[in-house]
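Inside the fold
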Amino acid sequence: MTTRFLTSALVALAALTAARVRPVDAHHSFVAEFDARKPVMLKGVVTQIDWTNPHVWFYVNVKDEEGHTTRWGIEMGAPHQLQQRGWLRDTMKVGDVVTVAGSLARDGSKRANARTVTTADGKTLGAASSGNPTTRQ
């Protein structure tokens, strides 16, 4: 009995240890992550788009005045909120040049919460940001 229990426990422990479960991103408050008093304007090339709940994230490579490229992570609202503002999954594509107006991350990282995004075709769309007082949640 003890051997059977010990074997079962070890198998269960091995299964739990071997499982590679992606952690779920928790939803957060805008003010906990971003500072509306620190506006940012970024123009760069889209390198990745994650159209998922609870927030759509996209990444842009932005060149500074000296020609150095930095990768920025940009948060927008939920997919359904973006669709209500005219977004489709293919509104923005990898390789597009976009301009983002938003708020910087509080921790100083290269992340921002977008208020608006101007797409490659010149269309400016709201980003369903919780940091924008005109956005309904």
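On a predicted model such as this, the values are computed, not experimentally measured, just so you know. (Residues numbered from 1 in each chain as written. Predicted model: local features only at pLDDT ≥ 70, side-chain atom pairs only at ≥ 80, totals over all residues. Heavy atoms only, no water.)

Turning our attention to the pattern of salt bridges. One pass over the full model with this rule turns up four salt bridges. Here Arg-106 makes a salt bridge to Asp-35, at a shortest N to O gap of 3.8 Å. Of this pair, Arg-106 sits in the loop between β4 (97-105) and β5 (111-118) while Asp-35 sits in strand β1 (residues 34-50), and the two are 71 residues apart along the sequence. Residues joined by salt bridges that share partners form a network here, namely Glu-33, Asp-107 and Arg-111. (Salt bridge = Lys/Arg side-chain N within 4 Å of Asp/Glu carboxyl O. Helix = DSSP H or I, 4+ residues; strand = E, 2+ residues; numbered from the N terminus.)

Within the secondary structure, Ala-114 is located in strand β5. A relative accessible area of 0% places Ala-114 in the buried class. Distance from Ala-114 to Leu-42, taken between C-alpha atoms, is 9.8 Å for residues 72 residues apart in sequence. For Ala-114, the contacting residues outside a window of four places in its chain are Ile-74, Glu-75, Met-76, Val-100, Ala-101, Gly-102, Ala-127 and Ser-129. (Buried < 20%, exposed > 50% of the residue type's maximum accessible area, 1.4 Å probe, protein only. Contact = heavy atoms within 4.5 Å.)

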